[in-house]
Amino acid sequence: MAINFTVNGKAASTDAPPTTPLLWVIREDLKLTGTKFGCGTGLCGACMVHIDGKRAFSCQTQMSEMAGKSVTTIEGLSADSSHPLQKAWLAEQVPQCGYCQSGQIMSAADHEHLPLRNLSTHRARGRARGAGGLSHDPAYGN
C-alpha cells in the first residue's frame, strides 16, 4: 500500500515497506542526496530533516509514521542555497569535511533545537538572525 507524504513542498509516494527508514526513501527513491547516512542510530545528525516543521532523524523515522506528513530536506531549505543560515554557514567558515553539514544546518534551522555543535555554528546562527533570516529566540543563548 502506498504511503503518501510531501517532500520539499511536492507530493511524494512510496511503496516501500512500512519499516523502511525515511532516509532510504529520500535518498534512493527520491534521489535527494543532501541528507546523509551517518551512524544509523540517530546520534550523529547527518540524516537530519524537518518533519512537519520539527527536526527529526530520518534514519530513525519509519515510513509507517509518514502518511500525510511534510518533510523538508536540505534541498528544500532553499532552492539556491540562499537561506540566511546557509549563507551565514559559509561566511563563518563552519564547514569542515562537509559530510554532516546538511544535518547540522537542518538542526540549526529548527528554532527549538538548543545544543550547538561548536562556536562557529553559534556565530553562523547569530549572523543569520542579524540578517533577518531567523527570529530572536532566548533559546539561542544570545
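Because the structure is a prediction, the values reported are computed rather than measured. (Residues numbered from 1 in each chain as written. Predicted model: local features only at pLDDT ≥ 70, side-chain atom pairs only at ≥ 80, totals over all residues. Heavy atoms only, no water.)

Trainee: Which parts of the structure should I look at to understand the overall build of the protein chain?
Mentor: Along the protein chain, the regular secondary structure elements total 5 helices and 5 strands. Secondary structure elements in the protein chain, listed N-terminal to C-terminal, are β-β-α-β-β-β-α-α-α-α. Counting over 142 residues, the protein chain shows a buried share of 42%. Across the protein chain, the fraction of contacts at a sequence separation of at least 24, relative to all contacts at a separation of at least 6, is 52%. With an accessible surface of roughly 7300 Å², the protein chain has 54% of that area assigned to carbon and sulfur atoms. (Helix = DSSP H or I, 4+ residues; strand = E, 2+ residues; numbered from the N terminus. Buried < 20%, exposed > 50% of the residue type's maximum accessible area, 1.4 Å probe, protein only. Contact = heavy atoms within 4.5 Å. Areas by Shrake-Rupley, 256 points an atom, 1.4 Å probe, with all protein chains shown as cover.)

Trainee: Quick question: what am I supposed to make of the environment of valine 49 here?
Mentor: Tracing the backbone through its elements, the reader meets valine 49 in strand β3 (residues 48–51). Here the alpha-carbon distance between valine 49 and leucine 23, two residues 26 residues apart in the chain, equals 9.0 Å. Those residues in contact with valine 49, other than ones at most four positions away along the chain, are Leu22, Ile26, Thr35, Lys54, Arg55, Ala56, Ser58, Val71, Thr72, Thr73 and Met106.

Trainee: Can you help me understand the nonpolar core in this one?
Mentor: Within soluble globular proteins, side chains that are nonpolar generally end up buried alongside one another. Counting residues in hydrophobic clusters, the biggest one holds 15 residues, and the most contacted among them are Phe5, Leu22, Ile51, Met63, Met66 and Val71. Looking at this core, the elements that each hand over two or more residues are β1 (3–7), α1 (22–29) and β3. Discounting residues that sit within four places of it in the chain, leucine 22 has contacts with Phe5, Val49, Ile51, Ser58, Thr61, Met63, Met66 and Val71. Core analysis: the next-biggest nonpolar cluster, separate from the first, contains 10 residues, Ile74, Val94, Ala108 and Ala109 among them. (Core = buried A, V, L, I, M, F, W, Y, C linked by side-chain atoms within 4.5 Å.)

Trainee: Teacher, can you tell me more about α1 here?
Mentor: Since the α-helix advances by 3.6 residues per turn, residues separated by three or four positions end up pointing in the same direction. Looking at α1, one finds that the buried residues are Leu22, Leu23, Val25 and Ile26. Residues of α1 that are buried sit in contact with β1, β2 (10–14), β3 and β5 (70–72). A positive phi of about 60° marks lysine 31, the residue just after α1.

Trainee: Looking at this model, I keep getting lost on unusual backbone geometry. Mind explaining?
Mentor: Working note: non-glycine residues mostly have negative phi, and peptide bonds are mostly trans. Positive phi, close to 55°, is recorded for asparagine 8, a residue that is not glycine. Examined against the element boundaries, asparagine 8 turns out to sit in the loop between β1 and β2. Since its relative accessible area comes to 24%, asparagine 8 is described here as partly exposed. The backbone of aspartate 52 shows a phi angle near 50°, a positive value even though the residue is not glycine. Residue placement: aspartate 52 occurs in the loop between β3 and β4 (54–57). We classify aspartate 52 as partly exposed; its relative accessible area is 45%.

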